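Descriptive structure summary
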Amino acid sequence: MDELVKGLLSNRYLITPPAYFILSEYYKKNFTLAELIKFARTKNTFVIDERLAKEFLESKGLLSPLENFAKYIPKASVETKAGTSPSVAEVPMEVGTSEGSKEISIESVAAGKKTAELGKMVEIQPQTSDQTEIAHEIQELPSEKSTSISTGEPVENMVSETISEEIAEEESPIGGGESFISTGVPSLEEYNGAGDEENGVKMKAVYGDYGVLVPLEEEEIPAEEKRAYSIYEDFKVEPNESFEFVAKRIKSEYEIKFDVRNVKLKPPKAKNANGKEGEIVVKVYENYFKSRLKKLRRILRENPEVSGVIDIGKLSYINPDGEVTIIGLVNSKRETKKGFIFEVEDMTGIVKVFLGRDNEDYKKAFEVLPDSVVAFRGYYSKRGILFANKLYLPDVPLYKREKPSLEEKVYAVLISDIHVGSTKFCEKAFMKFLEWLNGNVESKEEEEIVSRIKYMIIAGDVVDGIGIYPGQYNELAIPDIFDQYEALANLLANVPDHITMFIGPGNHDAARTALPQPEFYREYAKPLYDLKNAVIISNPAVINLHGRDFLVVHGRGIEDVVSYIPGKSHLHPVEPMIELLKLRHVAPTFGGKVPIAPDPEDLLVIEEVPDLVQMGHVHVLDYQIYRGVFLINSATWQAQTEFQKMVNIVPTPARVPIIDIETARLKTVVDFSRWCE
Ligand code: D5M
Ligand code: FE
Ligand code: ZN
């Protein structure tokens, strides 16, 4: 019965005790390990919990949704088989009760099957019929080819690896490593301590949050199996030996000016020990919006036109004949026959603002997204409404400050949305691109460019991920998240050492879904962290290259602009990007499509005007200069997916914009799309 736990564990899945007790009675009789894993994958989780277990049984028709599970509630009792050694028995555990109370039986490992020999032995061990069944199903099911199976590593090593990674995770001072997969595996000491002798044979067992002991019966580890897909281990670009890379002798000059992980966020405190959880949550949002208001207020006040600003709470005390200005967060916006009605809030109060149809700023009102911060100037009426005749967006100043020129031409490559692991990933084109970076060029002009490329920025969606949208599974060439990052790293290992890569996460990556995204989860994206010329950045981030600020954002905020502002579309993503820049926020709207984490500080405000804004996400190359800022969407390396076909998104894959760092403008676009069908 504990084979279930072990089988899951060896595939890097975890199971909670309640789920275990729900499932164990049906395991093998009514479902196989592979079926359960497949189900968990469709739910995009590595943790089999009670809910998932129930859903799974329901999906198999083994359970009606209304069935009562009271009988499965575990009780804190220990029942061990006579003869089990004390050190094992002493481990407290929760065991199921009622019908056929479950006993923990630990079979001794047959003599001769020692751990040390495991690696060799798995290949020659005849499989039991059950294992054959699993192996068979695994073959049919690409998702099953997780690292653990294909490497054929002993479970033991794999588990300890997971543990040490988790420990490293916990020690990390960075807040980005939040993971759902932090429980369920026992500590190393626990793990080792659970081993004992039985019948003179060293026996190892795992006890964790599962509530059961898991003997490690080495011979049951699935035999080594080769992946049915490539992770590009053998892809090695031959650098052009005769090529002169000018960038090698140009001094590297970069600074990460803003990274979410470098901001110390103070968690809000409840007032006293009786502070209810709900109150804390409200407080968190309150702090988040206060922070947004404060930051954008400062930006708006830099505009000399925004003068005579008063608190909303003081509106009723002012002289009704004079004009006033308020700055506030837009709670709501409504278009009526006569004009727009806004509800605007600051720290001191809330007021209704009316902007008439005949007003010169009327068109600007369309650009105001819910929850953005703007300023209104007008007259406050006794009826409690501010009749506005001016609307100010935070915006950027009209004129850009000149930057000192650079001694040498130096270039940066901007890419995003590589989507490694997707069947639509244009691998040939990407490989051609990597060869090109290594000096395999076709013209003198290309040679000049390639030789001076010193940086590469990758703005998220670096892999396709798992379970990101319905039906994605059918379009995965690499159905394993670990392998996807491994594959990407194998490709990026071919980027010449003198090119520094900045890599940030997007919504397909293994990272927090809510914005901002501090970083890639380290346990998944380790191969990226290990690349010696890569710098992992947050989403958003600001990189200063030779004195120029590059704001790098994955760009989900574009979705909100497209859905709220008429006439803005995915087809021309730079336009919604400009709207975000005008609002000085990368994703202003709460409760829309884009989830925002209510951190105590709003880290999505564009506090400083950058020289360049790079976004991705919408998979269409597009660029424009707005008030001296160069905005560019760096497109994708993924051809149109079935999902995108349905929602009419036409990507422009495998176009590579090259940026002249001195001007922070586009030097050229190199097109690799002929290698992308
Ligand atoms: O986003 C690729 C493109 O697909 C981008 O234009 C956004 C769009 N997209 C992504 N998810 C959705 C949903 N749920 N509805 C409509 N359009 C969507 P990527 O992040 O690479 O999948
Ligand atoms: Fe994408
Ligand atoms: Zn995306």
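In this report, the structure presented in the accompanying data block is examined. (Residues numbered from 1 in each chain as written. Chains lettered and ligands numbered in written order. Predicted model: local features only at pLDDT ≥ 70, side-chain atom pairs only at ≥ 80, totals over all residues. Heavy atoms only, no water.)

Binding of the zinc ion (ligand 3) to the protein goes through Asp461 (OD), Asn507 (OD1), His554 (NE2) and His617 (ND1), at separations of 2.2 Å. Along the chain, the residues that donate to the zinc ion (ligand 3) are spaced as D-x45-N-x46-H-x62-H. (Donors = N, O, S within 2.8 Å, 3.2 Å for Na, K, Ca; no water.)

The next point concerns unusual backbone geometry. At the junction of Leu515 and Pro516, the peptide bond is cis and its omega measures out at -10 degrees in the coordinates. Residue placement: Pro516 occurs in the loop between β15 (500-504) and α15 (522-529). With omega at 0 degrees, the peptide bond leading from Asn539 into Pro540 counts as cis. Counting through the fold element by element, Pro540 comes out in the loop between β16 (534-536) and β17 (541-545). Phi is positive for Tyr232, which is not a glycine, with a value near 60 degrees. On the secondary structure map, Tyr232 appears in the loop between β6 (213-215) and β7 (254-259). In this structure, Arg627 takes a positive phi of about 45 degrees despite not being glycine. Note on placement: Arg627 falls in the loop between β20 (621-626) and β21 (629-634). (Helix = DSSP H or I, 4+ residues; strand = E, 2+ residues; numbered from the N terminus.)

On to the packing of aromatic side chains, then. Inspection of the entire model under this criterion finds 31 aromatic pairs. Measuring from ring centre to ring centre gives 5.0 Å for Tyr254 and Phe502, while their planes differ by 85 degrees; the resulting arrangement is edge-to-face. Placement of Tyr254 in strand β7 and of Phe502 in strand β15 is noted, with a sequence separation of 248 residues between them. The exposure class of Phe502 is buried, given its relative accessible area of 0%. Judged by centre distance (5.2 Å) and plane angle (55 degrees), the ring pair of Phe289 and Phe590 falls under tilted. In this pair, Phe289 is assigned in helix α11 (residues 277-301) and Phe590 in the loop between α17 (574-583) and β19 (612-615), connecting sequence segments 301 residues apart. By the ring-pair criterion, three or more aromatic residues cluster together here, those being Tyr232, Phe425, Phe430, Phe433, Trp436, Trp637, Phe672 and Trp675. (Phe/Tyr/Trp six-rings, centres within 6.5 Å; stacked < 30°, edge-to-face > 60°. Buried < 20%, exposed > 50% of the residue type's maximum accessible area, 1.4 Å probe, protein only.)

On to the state of the cysteines. In the structure shown here, the tally under the stated rule is 1 disulfide. Paired by a disulfide, Cys426 and Cys676 hold their sulfur atoms 1.9 Å apart. Placement of the pair is Cys426 in the loop between β13 (411-415) and α12 (427-437) and Cys676 in the segment after β23 (665-671), with a sequence separation of 250 residues. The class for Cys426 is buried, based on a relative accessible area of 2%. Of the residues examined, Cys676 reaches a relative accessible area of 9% and is grouped as buried. (Disulfide = S-S within 2.5 Å.)

Time to look at the sheet that holds β20. One open sheet holds the 6 strands; their spatial order is β7-β17-β18-β19-β21-β20, and the pairing between them is mixed. The two strands at the open ends of the sheet, each matched to only one other strand, are β7 and β20. The mean angle between the axes of side-by-side strands here comes to 20 degrees, regardless of whether they run parallel or antiparallel. Two elements, β19 and β21, share 4 bridges in a ladder whose sense is parallel. Counted as the bridge partner of Val613 is Leu631 from β21. (Pairing = 2+ DSSP bridges. Axes fitted to C-alpha atoms, helices over the stretch in contact; angles between N-to-C directions.)

So, about the pattern of salt bridges. Considering all chains together, one arrives at 43 salt bridges under this definition. Where salt bridges share partners, they join Arg249, Glu408, Glu448 and Arg452 into one cluster. (Salt bridge = Lys/Arg side-chain N within 4 Å of Asp/Glu carboxyl O.)

To continue, consider the packing of helix α3 (residues 33-42) against helix α4 (residues 50-59). The interhelical angle for the contact between α3 and α4, taken along N-to-C directions, is 115 degrees, at an axis separation of 11 Å. Taken together, the axis directions place α3 and α4 in an arrangement best described as roughly perpendicular. Relative to α4, the crossing made by α3 is right-handed. For the pair α3 and α4, contact is made by Glu35, Leu36, Phe39 and Ala40 and by Leu52, Glu55, Phe56 and Ser59, respectively. Its residues assigned to classes, the contact of α3 with α4 comprises 5 nonpolar, 1 polar and 2 charged. (Parallel < 35°, antiparallel > 145°, perpendicular 65-115°, else oblique. Left-handed = near helix turned anticlockwise from the far one by under 90°. Contact = heavy atoms within 4.5 Å. Nonpolar A, V, L, I, M, F, W, Y, C, P; charged D, E, K, R; others polar.)

This part covers the site of ligand 1. Near ligand 1, the surroundings consist of Asp417, His419, Asp461, Asn507, His508, His570, His617, Val618, His619, Phe643, Gln644 and Ile649. Contact between ligand 1 and Asp461: an oxygen atom at 3.0 Å from a side-chain N or O atom of the residue. His617 is positioned with one of its side-chain polar atoms (N or O) 3.0 Å from an oxygen atom of ligand 1. In isolation ligand 1 exposes 460 Å². Once the protein is present, 78% of that is buried. A breakdown of the residues in the shell around ligand 1 according to their chemical character gives 3 nonpolar, 7 polar and 2 charged. (Near = heavy atom within 4 Å. Polar contact = N/O pair within 3.5 Å; in protein donor to acceptor, adjacent residues only side chain to side chain. Areas by Shrake-Rupley, 256 points an atom, 1.4 Å probe, with all protein chains shown as cover.)

So, about the pairing of strand β10 (residues 349-356). Extensive coverage of β10 is indicated by the burial of 6 of its 8 residues. One ladder, built from 8 bridges, connects strand β9 (residues 339-346) with β10; its direction is antiparallel. Considered in β10, the bridge of Phe340 is made with Leu355. Linkage of β9 to β10, two consecutive antiparallel strands, is achieved through a turn of 2 residues. Here 4 bridges tie β10 to strand β12 (residues 385-392), and the two strands are oriented parallel to one another. Opposite Phe354, over in β12, you have Phe387 as the bridge partner.

Across a sheet, paired strands are connected by hydrogen bonds in the backbone, their directions being either parallel or antiparallel. The strand order β8-β9-β10-β12-β11 describes a closed barrel built from 5 strands, whose pairing is mixed. This sheet shows a mean twist of 55 degrees between the axes of neighbouring strands, independent of strand direction.

With that settled, consider the nonpolar core. Ranked by internal contacts, the top residues of the largest apolar core, which has 85 residues, are Phe433, Met456, Leu492, Leu528 and Trp637. The biggest single contributor to this core is helix α14 (residues 481-492), with 8 residues. Apart from residues lying up to four places away in sequence, Leu492 is in contact with Phe430, Met456, Ile458, Met501, Ile503, Leu528 and Leu531. (Core = buried A, V, L, I, M, F, W, Y, C linked by side-chain atoms within 4.5 Å.)

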